[in-house]
Amino acid sequence: MIPRLLYIPASIGLALLIVPLAGLLLRVDWAGLPALLLSKEALEPLGLSLVTAFISTILCLLLGVPLAVVIARSTPRVAGLLRALVTVPLVLPPLVGGIALLSLLGRTGVLGEYLELVGLRVPFTTAAVVIAQTFVAMPFLVIAVEGALRTMGTRYERVAATLGAHRSTVFARITLPLVLPGLLAGTVLSFARALGEFGATALFAGNQAGVTRTMPLAIYTAFNGSGVTTDQAVALSLLLIAVAVIILVLIGTRRAAVLS
Amino acid sequence: MNRFSQVSPRRRHHGVTAHHRFAPTAVVAASLALLAGCAAPTPASSPTAQAPQTLTIYAAASLSGVFDTLAAQLTTDNPSITVETNYDGSSTLVTQISEGAPADVFASADTRNMDALAADNLVGPSMLFASNTLRIAVAPGNPLGINTLSDLARPNVISVLCAPQVPCGTASATLLGNAGVTLSPASEEQSVTAVVTKVAEGIADAGLVYATDIAANPDRIEGVTPAGAADVVAHYPITIVSDSAHAAAAQAFIDLVLSPKGQSILAAAGFLAP
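Everything numeric here is computed off the predicted structure, so don't read it as measured data. (Residues numbered from 1 in each chain as written. Chains lettered and ligands numbered in written order. Predicted model: local features only at pLDDT ≥ 70, side-chain atom pairs only at ≥ 80, totals over all residues. Heavy atoms only, no water.)

Caption draft 1: Representation of the overall build of chain A in the model. Looking only at helices and strands, chain A has 12 helices and zero strands in total. Taken along its principal axes, the extent of the C-alpha atoms in chain A is 70 × 65 × 35 Å. Going through the 260 residues of chain A one by one, you find that 45% of them count as buried. Sequence separation of 24 or more characterises 73% of the internal contacts of chain A that already satisfy a separation of 6 or more. Counting every atom, chain A has about 13300 Å² of accessible surface; 76% of that belongs to carbon and sulfur. Averaging the locations of the 17 positively and 9 negatively charged side chains of chain A gives two centres separated by 17 Å. (Helix = DSSP H or I, 4+ residues; strand = E, 2+ residues; numbered from the N terminus. Buried < 20%, exposed > 50% of the residue type's maximum accessible area, 1.4 Å probe, protein only. Contact = heavy atoms within 4.5 Å. Areas by Shrake-Rupley, 256 points an atom, 1.4 Å probe, with all protein chains shown as cover. Lys, Arg positive; Asp, Glu negative; His and termini not counted. Charge placed at Lys NZ, Arg CZ, Asp CG, Glu CD.)

Caption draft 2: Looking closely at the overall build of chain B. Secondary structure summary: chain B contains 10 helices and nine strands in total. In chain B, which comprises 274 residues, the proportion classed as buried is 47%. For chain B, the proportion of contacts with a sequence separation of at least 24, taken over those separated by at least 6, is 78%. Accessible area of chain B: about 12400 Å², with a carbon and sulfur share of 59%.

Caption draft 3: A look at the side chain of Ser 244 of chain B. All names here are of chain B. Mapped onto the elements, Ser 244 comes out in the loop between strand E9 (233-240) and helix H9 (247-258). When its relative accessible area of 14% is taken as the criterion, Ser 244 is described as buried. Within polar-contact distance, the side chain of Ser 244 engages the backbone nitrogen of His 246 at 3.0 Å. In this view, Ser 244 contacts Ala 103 and Asp 104; residues no more than four positions away in its chain are not counted. (Polar contact = N/O pair within 3.5 Å; in protein donor to acceptor, adjacent residues only side chain to side chain.)

Caption draft 4: Examining the pairing of strand E2 (residues 81-88) of chain B more closely. Residue and element names in this part refer to chain B. Pairing between strand E1 (residues 53-60) and E2: eight bridges, direction parallel. Residue pairing in the sheet places Thr 56 in a bridge with Glu 84 of E2. A crossover links E1 with its parallel partner E2, the connecting element being helix H3 (residues 64-77), and its sense is right-handed. (Pairing = 2+ DSSP bridges. Right-handed = clockwise from strand over helix to strand, strands pointing away.)

Caption draft 5: Expanded view of the pattern of salt bridges. All names here are of chain A. Scanning all chains against the criterion turns up 11 salt bridges over all chains. The shortest N-O distance in the salt bridge between Glu 146 and Arg 150 comes to 3.3 Å. Taken as a pair, Glu 146 and Arg 150 lie in helix H7 (residues 126-152) at a separation of four residues, close to a single helical turn. One connected set of salt bridges, linked through shared partners, spans Arg 83, Glu 146 and Arg 150. (Salt bridge = Lys/Arg side-chain N within 4 Å of Asp/Glu carboxyl O.)

Caption draft 6: Spotlight on the environment of Arg 158 of chain A. All names here are of chain A. Here Arg 158 is to be found in helix H8 (residues 155-162). Relative accessible area serves as the criterion here: at 26%, Arg 158 is assigned to the partly exposed category. In this structure, the C-alpha to C-alpha distance between Arg 158 and Ile 174, residues 16 residues apart in sequence, is 10.0 Å.

Caption draft 7: Spotlight on the packing of H3 of chain B against H9 of chain B. Residues and elements named next belong to chain B. Closest axis-to-axis distance for the H3/H9 pair is 10 Å, and the angle between their directions is 115°. In the crossing of H3 with H9, the sense of the turn from one axis to the other is right-handed. Packed against H3, whose contacting residues are Phe 67, Leu 70, Ala 71, Gln 73, Leu 74 and Asp 77, the element H9 presents Ala 252, Phe 253, Leu 256 and Val 257 at the interface. Class assignment of the residues belonging to the contact of H3 with H9 gives a composition of eight nonpolar, one polar and one charged. (Axes fitted to C-alpha atoms, helices over the stretch in contact; angles between N-to-C directions. Left-handed = near helix turned anticlockwise from the far one by under 90°. Nonpolar A, V, L, I, M, F, W, Y, C, P; charged D, E, K, R; others polar.)

Caption draft 8: Focus on H3 of chain B. Compared with an ideal rise of 1.5 Å per residue, which puts 14 residues at 20 Å, H3 of chain B spans 20 Å between its outermost C-alpha atoms and is within 8% of the ideal. Within the sequence span of H3 of chain B, burial applies to Ser 64, Val 66, Phe 67, Leu 70, Ala 71, Gln 73 and Leu 74 of chain B. (Expected span 1.5 Å × (residues − 1).)

Caption draft 9: Here's a closer look at the packing of aromatic side chains. Residues and elements named next belong to chain B. The final tally for this structure, using the stated rule, is six aromatic pairs over all chains. Between the aromatic rings of Phe 67 and Phe 129, the centroid separation amounts to 5.8 Å while the plane-to-plane angle is 40°, which identifies the pairing as tilted. Residue Phe 67 is found in helix H3, and its partner Phe 129 is found in strand E4 (residues 127-138); the two are separated by 62 residues along the sequence. Taken as a pair, Phe 67 and Phe 129 share a single burial class, namely buried. Pairwise contacts between aromatic rings join Phe 67, Phe 129, Tyr 210, Tyr 236, Phe 253 and Phe 271 into one cluster. (Phe/Tyr/Trp six-rings, centres within 6.5 Å; stacked < 30°, edge-to-face > 60°.)

Caption draft 10: Representation of the nonpolar core within the structure. Residues and elements named next belong to chain B. Counting 62 residues, the largest nonpolar core has Leu 63, Phe 67, Phe 129 and Phe 253 as the members making the most contacts within it. Taken together, domain 1 (53-131 + 235-268) and domain 2 (132-233) each give at least three residues to this core, which thus spans both. Residue contacts for Phe 253: discarding those within four places in its chain leaves Leu 55, Ile 57, Phe 67, Leu 70, Ala 71, Leu 74, Val 105 and Ile 238. (Core = buried A, V, L, I, M, F, W, Y, C linked by side-chain atoms within 4.5 Å. Domains from an automatic or database assignment.)

Caption draft 11: Representation of the environment of Val 86 of chain A within the structure. Residue and element names in this part refer to chain A. Take Val 86: it is sitting in helix H4 (residues 76-91). The exposure class of Val 86 is buried, given its relative accessible area of 12%. Not counting residues within four places of it along the chain, the set of residues in contact with Val 86 comprises Leu 67, Ile 71, Pro 139, Val 142 and Ile 143.

Caption draft 12: Structural view of the state of the cysteines. Residue and element names in this part refer to chain B. All chains considered together, the criterion is met by one disulfide over all chains. Between the sulfur of Cys 162 and that of Cys 168 lies a disulfide, 1.7 Å long from S to S. One quick way to see it: the torsion about the S-S bond of Cys 162 and Cys 168 is about -100°, and its sign makes the bridge left-handed. Note on accessibility: Cys 162 and Cys 168 belong to one class, buried. (Disulfide = S-S within 2.5 Å.)

Caption draft 13: Broad picture of the environment of Thr 85 of chain B. Positionally, Thr 85 of chain B belongs in strand E2. Distance from Thr 85 of chain B to Ser 259 of chain B, taken between C-alpha atoms, is 20 Å for residues 174 residues apart in sequence. Apart from the residues within four sequence positions on either side, Thr 85 of chain B is in contact with Gln 208 of chain A together with Ile 57 and Asp 68 of chain B.

Caption draft 14: Spatial organisation of the domain arrangement of chain B. All names here are of chain B. As far as domains go, chain B holds domain 1 (53-131 + 235-268) and domain 2 (132-233). Computed from C-alpha atoms alone, the centre-to-centre distance between domain 1 and domain 2 is 25 Å. Between domain 1 and domain 2, the residue contacts involve 15 residues of the former and 14 residues of the latter. When residues of domain 1 are sorted by the area they lose upon contact with domain 2, Ser 62, Arg 112 and Ser 131 head the list and together hold 34% of the total. In this assembly, domain 1 and domain 2 are joined by zero salt bridges. (Buried area = accessible area lost by both parts, 1.4 Å probe.)

Right, here's the structure in full:
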């Protein structure tokens, strides 16, 4: 039972989200699409994006899951503070993240100055892309896993522990399986976020074909750039939409499989 | 959510695990090691004559087409050299180079951005190699009849300009100032190619771009020469970036650009002599 009037703004809202994508689909030059998608200008950024987003997601898992466990099992006060700190990059415009990373690791940055002395230069490398993606994507994973851990509570873990299970056995046999849906959702979300990352990458990693030009930067370059038609930007956008849809389908089926 | 039921068990659990907490210093050390591992530098190729090497050219957006041609020419003349290019607004490139981007050659669309790098000793001495003037870019056929700079300020005309930091923006401001036209553009773009796109896509009705941009996009935009265009000339300097690991290859490219052959390629693209 909802007021009928709500359907009007609800449909406008839905249209606002969906109609622009439909507009993009209408603009696609389907005949020329295979050539555009098989060109070096499309395949190179796609490969780079998939590889960097994959590495970033692994880093998010390696660093984010322990962080989520620490937050979930801290005292409420510490947990609240840690959660707030983790959320900062999530609500921050990614461009600010890019400037922050440059301020730390740039040539004149706090840490970059010393890295420079030992011959390490992070900005404008593929490593910079990975760091930028991890920076913006990890909060998604931490929040998802931490939420799952909190909802789960510690009852089963404590029972297992009282039955004599080792701490690592409890983690592997009780904690991980129980947070699996949250872990999967968080992993997929952070992968999607890493794949779409633009702002921090543009400032911190630059826009060099084959090195730091990921899909979003390739779309920006194709649309704003030199001589390349905007058809290329549309084609690349279509590719990212396809990846996003595949990811959503994956979440849907995996979650159903885990829950059943 | 069942918050209240969880608080007390978590506290008790916390009491059990307290002596096994993560050591924060170890975590920080591990993350730094990870960062360093990511950033392991690729071995720099030596600038010897025949060893294959990749020359990275950072050039003003307006040079994109013609520098692709010149880069191809360089590879034809020196098969051991492959060229990577990065075209963007000169001011964006200046920021990237001063933050340590691995450029070998830098070509700017004005001397001001070049001087900014030279002041910090980030580039060597530069040479002027071309010049350019502005045109009003309009849709093919000029449907709105835009013929003068003051037409850009008409209420029914959506105009876009380059941002004042980029060379085409500086030149546009001078041109408009000389003509006494004040204009609030619908958008200030970070490179001239972005202005070209906006007009070519019909997002904007008109914009100030270089004569060479009109020549490079004959089917997409049409050029109108505004009064006083010849008085506002953009000069293009080129130089080797101080940190370049491929100085010899960089010099070879600059020599090509300044050679009669390079100059004729630039002239064919509509660039004027320096």
